[in-house]
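Secondary and tertiary structure notes
Single-letter residue listing:
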Amino acid sequence: MAVENSVQVSVLGLGAMGSALAAALIEAGYPTTVWNRSPGKADGLVALGGKAAATAGDAVRDSQVVIACLLDDASVHEVLDPLAGDLAGRALINVTTTTPAQSRQSAVWAADAGIAYLDGGIMAVPHMIGRPESSILYSGSAEVFHEHRALLDLWGTSTYFGEDAGLASLYDLALLSGMYVMFAGFLHGAAMVAPAGITATEFGKAAAPWLTAMTGGFEGYAAVIDGGDYTVEGQQSLEFSDLTHIVAASADQGISTEVIGMVQQLIQRQIDAGHGKEGFARIIESIKQPA
Ligand code: NDP
């Protein structure tokens, strides 16, 4: 059942994500004003109990808490720069995906204008909003995060990384990097077995539990990296991790070796530098120092 909440909130940007965030607020009883550049997108939210603003300025002036969920950094500044004066003294929570540098620039812009700024990175797709598996990362104003924690928690699990406004975005993009490389690895495997008549669906049934089990290795690698000693007993050595046979088998299947070859290159650079007997986690040194 909806609960009456007293904080007046405005949501700018009613794309797939902005609409999901606004709907969660309205359903929880927050008085919510919504605005979108193109007309029509507010209708469903008005039917839920939201109020549509004719302009972004009207939406900003309606609320103490303004949430921006626009396409990118350029669209955020296109909409908000002319409204800096109206935003002064209010809290701006910007959950638009931006780079860390853009988030930091926005924080400086906001500080200059007297706006309390919290940056967010959404680790979820719209239908996950409101569920515990939806994770939203924040950095910037601690005051805004703590004061409006109840509101933020409506969207999923909220994590705060500190006053540096770029950190949420940095974490967001680092996590996405891990995801994309993992997906590329899965797709490499699927391409590898395809010439043998194995469907991607069949391969996926084997890949999902295998890759899930392998995430158990993160903690050990992290401990080695943080400890800074790749010679500690029990680590799989770089020489043992040589991927020549996997690269060759991929080529034999007639597929690209770019994905697996990339990992092999990271390994080889450490072996060539004389670290072949050291642990696999050492490839992070290849990543940290571009060739
Ligand atoms: P959509 O493409 O569905 O919506 C984009 C929104 O931005 C629309 O409201 C659009 O308005 C508005 N917009 C674009 N350019 C401008 C502009 N110049 N001026 C004013 N408004 C503008 O994107 P999403 O809602 O999916 O994503 C919004 C943000 O959330 C993005 O930064 C995205 O990276 C992030 N995000 C989205 C996820 C997802 O799964 N959807 C997951 C995680 C993060 P109009 O309707 O007029 O075009």
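Residues numbered from 1 in each chain as written. Predicted model: local features only at pLDDT ≥ 70, side-chain atom pairs only at ≥ 80, totals over all residues. Heavy atoms only, no water.

As recorded in an unreviewed UniProt entry, the chain goes by NAD(P)-binding domain-containing protein and comes from Lentzea roselyniae. Recorded in UniProt under Sequence similarities (unreviewed entry), the annotation for the chain is "Belongs to the HIBADH-related family." (UniProt positions renumbered as here; feature names shortened; annotations may be inferred.)

Counting its secondary structure elements, the chain contains 14 helices and eight strands. Principal axes of the C-alpha set define a box for the chain whose edges measure 65 × 45 × 35 Å. Considering the chain as a whole, with its 291 residues, one finds that 43% of them fall into the buried category. Carbon and sulfur atoms make up 61% of the accessible area of the chain, which totals about 15,000 Å². Side chains of the chain give 13 positive and 31 negative charges; the mean places of these two sets differ by 3 Å. (Helix = DSSP H or I, 4+ residues; strand = E, 2+ residues; numbered from the N terminus. Buried < 20%, exposed > 50% of the residue type's maximum accessible area, 1.4 Å probe, protein only. Areas by Shrake-Rupley, 256 points an atom, 1.4 Å probe, with all protein chains shown as cover. Lys, Arg positive; Asp, Glu negative; His and termini not counted. Charge placed at Lys NZ, Arg CZ, Asp CG, Glu CD.)

Let us now look at the site of the ligand. Every one of the 22 residues lining the ligand counts as a neighbour, but M17, N36, S38, K41 and T97 are closest to it. One nitrogen or oxygen atom from the side chain of S38 is found 2.4 Å from an oxygen atom belonging to the ligand. Contacts to the ligand include K41, whose side-chain N or O atom sits 2.6 Å from an oxygen atom. Computed on the free molecule, the ligand has an accessible area of 890 Å², of which 77% lies beneath the protein chains in the complex. Among the cavities detected, the one that contains the ligand is the second largest pocket. Of all the secondary structure elements, the ones that give two or more residues to the shell around the ligand are α1 (16-27) and α4 (73-80). Of the residues assigned to the shell around the ligand, the class counts are 11 nonpolar, eight polar and three charged. (Near = heavy atom within 4 Å. Polar contact = N/O pair within 3.5 Å; in protein donor to acceptor, adjacent residues only side chain to side chain. 1 Å grid on protein atoms, 1.4 Å probe; cavity = no way out; pocket = protein on both sides within 12 Å on 5 of 7 lines; lining within 4 Å. Sits in = over half its atoms within 2 Å of the grid points. Nonpolar A, V, L, I, M, F, W, Y, C, P; charged D, E, K, R; others polar.)

Looking now at the domain arrangement of the chain. Domain boundaries in the chain define domain 1 (9-163) and domain 2 (199-288). Between domain 1 and domain 2, the C-alpha centre-to-centre distance is 40 Å. (Domains from an automatic or database assignment.)

In this section: a nonpolar patch on the surface. Taken together, Y180, M182, F183, L187, W210, L211 and M214 make up a surface patch of nonpolar side chains, about 730 Å² in accessible area. Elements with a contribution of two residues or more to the nonpolar patch: α9 (167-193) and α10 (200-214). The greatest single-element share of the nonpolar patch, amounting to four residues, is contributed by α9. With respect to the secondary-structure elements, M182 resides in helix α9. For M182, a relative accessible area of 38% translates into the label partly exposed. (Patch = residues over 30% accessible without salt bridge, like charges linked within 9 Å, V, L, I, M, F, W, Y side chains within 5 Å. Salt bridge = Lys/Arg side-chain N within 4 Å of Asp/Glu carboxyl O.)

This brings us to the pairing of strand β5 (residues 91-94). By the alternation rule, side chains of β5 split into A91 and I93 and L92 and N94, which are all buried. Sheet analysis places β5 next to strand β6 (residues 116-123), joined by four bridges and oriented parallel. Counterpart to I93 in the pairing with β6 is L118. Crossover handedness for the path β5 to helix α6 (residues 100-113) to β6: right-handed. (Pairing = 2+ DSSP bridges. Right-handed = clockwise from strand over helix to strand, strands pointing away.)

This paragraph deals with the layout of surface pockets. Gaps left between atoms are located by rolling a probe of water-molecule size over the structure's atoms. Approximately 2,000 Å³ is the volume attributed to the largest pocket. Lining the largest pocket are 40 residues; nearest its centre among them are V181, M182, L211, F218 and F280. Within the residue set of the lining of the largest pocket, elements represented by two or more residues are α9, α10, α11 (218-227), α12 (244-252), α13 (258-272) and α14 (283-288). By residue class, the composition of the lining of the largest pocket is 28 nonpolar, 12 polar and no charged. Around the second largest pocket, the lining is made up of 23 residues, and of these G13, C69, L70, L71 and S75 lie nearest the centre. Of all the elements in the fold, those that place two or more residues in the lining of the second largest pocket are α1 and α4. Looking at the lining of the second largest pocket residue by residue, the class counts come to 12 nonpolar, eight polar and three charged. (Points joined across faces, edges and corners; volume = space filled by probe spheres on them.)

Right, let's talk about the packing of aromatic side chains for a bit. Going through the model one piece at a time under the given rule, you end up with five aromatic pairs. Residues Y138 and F145 carry aromatic rings whose centres are separated by 5.6 Å and whose planes lie at 50° to one another, so their mutual orientation is tilted. An identical accessibility class is assigned to Y138 and F145; each is buried. Both rings, one in F186 and one in F203, keep their centres 5.8 Å apart while their planes meet at 15°; by these two values the pair is stacked. In this pair, F186 sits in helix α9 while F203 sits in helix α10, placing the two residues 17 residues apart along the sequence. Look at F186 and you get partly exposed, because its relative accessible area is 25%. Through pairs of rings, three or more aromatic residues link up here, namely Y138, F145 and Y160. (Phe/Tyr/Trp six-rings, centres within 6.5 Å; stacked < 30°, edge-to-face > 60°.)

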